[in-house]
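Inside the fold
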Amino acid sequence: MCDYSLHAVATRPAEVGETIVTTTFRGTSTRGFASEADLSVAICLLPGTELAFADNVRYDNRWIWTRTVNSRVGKFGKIDPHIPDRHHDAIEFPDGKYVLVTQLVEGQRATVLQLPVTQPVGEREHKPEIIADSRSPVTPLPLG
């Protein structure tokens, strides 16, 4: 998913193993992820997508100073989805802290490590049966 402010920007879904880069999209004040090959196309991530950054993650609050998260891995997610007209896309880090994607400093590279599993609801609710093999009976181990 891409943030609400990128609806006028060309988008495509992320692919496992690709390198993406943080950028500000032309005609917006929003930062997000783009392909290294085409910075004009926003790369949309599903909640749960895992990323590995090339360096410790840097972000700002649109001020002169930047801050650094002492982590190179994070998981994409959404924060405050119930609040309309604001940025929701964020990266969660192992320490539990979040940084909005729009606050990430431009030019940072990340590799898409893993996409979340997405299955239709009917398939997710199906639980496999475990059937014992009658040819090999289970022999209890002696105690003691």
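Just above, that's the structure.
Within every chain, residues take consecutive numbers counted from 1 along the sequence as written. Since the coordinates come from a predicted model, pLDDT governs what is reported: local features require at least 70, and pairs of side-chain atoms require 80 or more to be given and counted, while whole-chain, interface and lining totals use all residues. Processing note: side-chain calculations cover all non-hydrogen atoms of the structure and skip hydrogens and water entirely.

Overview of the pairing of strand β3 (residues 31-35)
Think of it in three bands: with a 1.4 Å probe and only protein chains considered, a residue is buried below 20% of the maximum accessible area for its type, exposed above 50%, and partly exposed in between. To qualify as a helix, a DSSP run of H or I must reach at least 4 residues; to qualify as a strand, a run of E must reach at least 2; elements of each kind are numbered from the N terminus. For β3, the buried fraction is high: five of the five residues fall into the buried class. Strand pairing is assigned whenever DSSP identifies at least 2 bridges connecting the two strands. Two successive antiparallel strands, strand β2 (residues 19-24) and β3, enclose a turn made up of six residues, where Gly 27 displays a positive phi of approximately 80 degrees.

Brief notes about the packing of aromatic side chains
Centres within 6.5 Å make a pair out of two Phe, Tyr or Trp rings, where for Trp the six-membered ring is used; the pair is then stacked when the planes are under 30 degrees apart, edge-to-face when over 60, and tilted otherwise. Considering all chains together, one arrives at one aromatic pair under this definition. Plain terms: the ring middles of Phe 33 and Phe 53 are 6.4 Å apart, the flat faces sit at 45 degrees to each other, and that makes the pair tilted. Pair noted here: Phe 33 is in strand β3 and Phe 53 is in strand β5 (residues 50-53), with a separation of 20 residues, a long-range link.

Digging into the nonpolar core
The nonpolar side chains of a soluble globular protein tend to be buried, and buried together. In terms of nonpolar packing, the biggest core is built from 18 residues, with Ile 20, Phe 33, Leu 45, Leu 51, Phe 53, Ile 91 and Leu 104 touching the most fellow members. Here Leu 51 is in contact with Ile 20, Phe 33, Leu 45, Arg 72, Val 73, Gly 74, Ile 91, Ala 110, Thr 111, Val 112 and Leu 113, once residues within four sequence places are set aside. Listed in part, the six residues of the second largest apolar core include Cys 2, Ala 34, Ala 42 and Cys 44. In plain words, nonpolar cores are sets of buried Ala, Val, Leu, Ile, Met, Phe, Trp, Tyr and Cys residues tied together by side-chain atoms within 4.5 Å. Should any heavy atoms of two residues lie within 4.5 Å, those residues are counted as being in contact.

Some points on the pairing of strand β8 (residues 73-78)
Direction of pairing for β5 relative to β8: antiparallel, over a ladder of three bridges. Residue pairing across strands places Leu 51 opposite Gly 74, the latter belonging to β8. In the sheet, β8 pairs with strand β9 (residues 89-92) via four bridges, with the strands oriented antiparallel. Following the sheet pairing, Lys 78 is matched in β9 by Asp 89.

Let's talk about the side chain of Asp 89
Mapping Asp 89 onto the fold places it in strand β9. A residue is classified by how much of its surface remains accessible, and Asp 89, at 6% relative accessible area, is buried. In protein, a polar contact requires one atom able to donate a hydrogen and another able to accept it; more generally it is a pair of N or O atoms within 3.5 Å, and residues adjacent in sequence count only if both atoms are side-chain atoms. A polar atom in the side chain of Asp 89 sits 2.3 Å from the side chain of Lys 78.

Thoughts on the side chain of His 88
On the secondary structure map, His 88 appears in the loop between β8 and β9. A relative accessible area of 10% places His 88 in the buried class. In this structure the side chain of His 88 is engaged in a polar contact, spanning 3.0 Å, whose partner is the backbone oxygen of Asp 80. In this structure the side chain of His 88 is engaged in a polar contact, spanning 3.1 Å, whose partner is the backbone oxygen of Arg 86.

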